[in-house]
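What the coordinates show
The chain contents come next:
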Amino acid sequence: MIKAAVMGYGTIGSGVVEVLEINRESIAKRAGDEIEVKYVLDLRDFPGDPIQEKVVHDVNIIVNDPEVSVVVETMGGVEPAYTFVKAMLNAGKHVTTSNKALVADKGAELIALAKEKNVNFLFEASVGGGIPIIRSLNSCLTADEIEEITGILNGTTNYMMTKMADEGMEFDAVLKDAQEKGYAEKDPTADVEGYDACRKIAILTSLVCGQQIDFKDIHTEGITKISSTDMKYAKQMGRAVKLLASSRKSKDGYVAMVAPFFVSPEHPLYHVNDVFNAVFVRGNVLGDAMFYGSGAGKLPTASAVVADMVDIVKHKDRNIWVAWSSKKMELADFKKSDNRFFVRTAEDRQKIEDVFGSVEYTDAGIEGEIGFVTASMTEEAFAEKADGLSLRSVIRMA
């Protein structure tokens, strides 16, 4: 029997314990051994919960117990998760985590440490919740050169954009609704400013290029400036507003960005609504592929964590190779990348055409302003031209 420990008994940690219990027999069959949780590390106690007798408050109890070979980290944040995970790996214990902040910041280092200790550090649940995108990149798509990864990687913002489009709600109202439903945190900054999606695309890009991508280097815009008026224009053009996290291979390297886009019906991510996530992958041999599912939530995310636990048990005597070195890769300058831009302004057509030349106008019946779409140009060129106009909104086209 495999003895495991869970660090952090919040939504995901409790979900891991639940999944292990619900599917105990099938998990044992697939892993080749039973998995039993011996300890749960948390600052709190849980009187009345069957797990209470397993709760410990000192991480060293787990570190020093030779019976525990698999550890789950679901605490969130970089510290103390990083210190605890490092201690587990140094003690020769396998670790799986759902913690995107930890993986984005310390992933390469922890992968290297796991290799040195001949154990495993796995993190399927850190991107896309229950969507098996990381395992696919590490094994199923290794014959391809990945040319593009574009994803809807945050269920909170996708729910909000869907709600605004369907019901004409303004940002503040839909955020309150998302918080009341438990989709958005009390402090929603990481979601609505795009930081959550940024860390996830940094992880995926690091795996694709095999080097460390610093999430701080990725140009990131959130959804806080999106309004119901923008949604009216989107509807007029037959498009949907989506917060996309994208990484594309160019002649100068990988270009990564997180920003809202007007997505056309032909785009594979157009129909991804509500709290669902999806990842679009383009390979030079495979062509296009889509991974779709629940990108967050207790049991879908816990399912991905437990899948890592099964993988660990199946490979308990050897390290699973992951191509992600600590050598930093510099991203190509996003300002040199091309896009078309949707613009709202109160300027007249003559002024618009003097600045941008030929454009495509769109009329959503909004009094006192004009909406138009530019020709394709670099981000840098658009910024220079936009200095000549008073703009109310800018959203890229996809």
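What counts and how
Residues numbered from 1 in each chain as written. Predicted model: local features only at pLDDT ≥ 70, side-chain atom pairs only at ≥ 80, totals over all residues. Heavy atoms only, no water. Helix = DSSP H or I, 4+ residues; strand = E, 2+ residues; numbered from the N terminus. Rg over C-alpha atoms; globule rule 2.2 N^0.38 Å. Buried < 20%, exposed > 50% of the residue type's maximum accessible area, 1.4 Å probe, protein only. Contact = heavy atoms within 4.5 Å. Areas by Shrake-Rupley, 256 points an atom, 1.4 Å probe, with all protein chains shown as cover. Lys, Arg positive; Asp, Glu negative; His and termini not counted. Charge placed at Lys NZ, Arg CZ, Asp CG, Glu CD. Expected span 1.5 Å × (residues − 1). Patch = residues over 30% accessible without salt bridge, like charges linked within 9 Å, V, L, I, M, F, W, Y side chains within 5 Å. Salt bridge = Lys/Arg side-chain N within 4 Å of Asp/Glu carboxyl O. Axes fitted to C-alpha atoms, helices over the stretch in contact; angles between N-to-C directions. Parallel < 35°, antiparallel > 145°, perpendicular 65-115°, else oblique. Left-handed = near helix turned anticlockwise from the far one by under 90°. Phe/Tyr/Trp six-rings, centres within 6.5 Å; stacked < 30°, edge-to-face > 60°. Nonpolar A, V, L, I, M, F, W, Y, C, P; charged D, E, K, R; others polar. Pairing = 2+ DSSP bridges. Arc of directions from axis to C-beta.

**Brief notes about the overall build of the chain**
Helices and strands together make up the secondary structure of the chain, namely 14 helices and 18 strands. Relative to the compact-globule value of 21 Å for 398 residues, the chain shows a C-alpha radius of gyration of 23 Å, a close match. With the C-alpha coordinates aligned to their principal axes, the bounding extent of the chain is approximately 75 × 45 × 30 Å. Here the chain, with 398 residues, has 55% of them falling under the buried criterion. Long-range pairs, those at least 24 residues apart, make up 73% of the contacts in the chain with a sequence separation of at least 6. Approximately 17600 Å² of the chain is accessible, and the part contributed by carbon and sulfur atoms is 48%. Side-chain charges in the chain split into 45 positive and 60 negative, and the spacing between the mean points of these groups amounts to 2 Å.

**Here we look at helix H10 (residues 195-209)**
Across its 15 residues, H10 extends 21 Å between first and last C-alpha, which sits within 8% of the 21 Å expected from 1.5 Å per residue. Counting buried positions along H10 yields 12 of 15 residues, so the element is predominantly enclosed. Of all the residues in H10, the buried ones are Asp196, Ala197, Cys198, Lys200, Ile201, Ala202, Ile203, Leu204, Thr205, Ser206, Leu207 and Cys209.

**Quick word on a nonpolar patch on the surface**
Taken together, the side chains of Phe276, Met290 and Tyr292 present a nonpolar region at the surface, about 280 Å² in accessible area. Positionally, Met290 belongs in strand E12 (residues 287-294).

**What about the packing of helix H7 (residues 155-167) against helix H8 (residues 171-180)?**
At a minimum axis distance of 10 Å, the contact between H7 and H8 shows a crossing angle of 125 degrees. Relative to H8, the element H7 lies oblique. Crossing handedness for the pair H7 and H8: right-handed. Across from Tyr159, Met160, Lys163 and Met164 in H7, the residues of H8 making contact are Phe171, Val174, Leu175, Asp177 and Ala178.

**Notes on the packing of aromatic side chains**
Summed over all chains, the structure comprises 11 aromatic pairs. Relative to Tyr183, the ring of Tyr159 has its centre 4.7 Å away and its plane inclined at 65 degrees; by these criteria the two rings are edge-to-face. Taken together, the positions of Tyr159 in helix H7 and Tyr183 in the loop between H8 and helix H9 (189-192) put the pair 24 residues apart, joining distant regions of the chain. Taking relative accessible area as the criterion, Tyr159 reaches 6% and is therefore assigned buried. Geometrically, the ring pair formed by Phe341 and Phe382 is stacked, given 4.1 Å between the ring centres and 10 degrees between the ring planes. Note that Phe341 is positioned in strand E14 (residues 341-345) and Phe382 in helix H14 (residues 379-386), a separation of 41 residues in sequence.

**Considerations on the packing of helix H4 (residues 81-90) against helix H5 (residues 100-116)**
Packing of H4 against H5 leaves a shortest axis separation of 11 Å and a crossing angle of 15 degrees. In terms of axis orientation, H4 runs roughly parallel to H5. The two elements H4 and H5 cross, and the hand of that crossing is right-handed. Residues Ala81, Tyr82, Val85, Lys86, Leu89 and Asn90 of H4 form the contact with H5, whose participating residues are Leu102, Lys106, Glu109, Leu110, Leu113 and Ala114. Partitioning the contact of H4 with H5 into residue classes produces 8 nonpolar, 1 polar and 3 charged.

**Remarks on the sheet that holds strand E4 (residues 68-73)**
Taken in spatial order, the 6 strands of this open sheet run E3-E2-E1-E4-E5-E6, and their pairing is parallel. Each edge of the sheet is formed by a strand with only one pairing partner; in this case those strands are strand E3 (55-56) and strand E6 (121-122). Here E4 runs beside strand E5 (residues 94-97); their pairing, made up of 4 bridges, is parallel. Within E5, the residue paired with Val72 across the bridge is Thr96.

**Here we look at H8**
Considered for burial, the residues of H8 that qualify are Phe171, Val174, Leu175, Asp177 and Ala178. Across the axial projection of H8, the buried residues extend over an arc of 160 degrees, all falling on one side. Residues of H8 that are exposed and point more than 90 degrees away from the buried face comprise Asp172, Lys176 and Glu180. Of the surrounding secondary structure, the elements contacted by the buried residues of H8 are H7 and H9.

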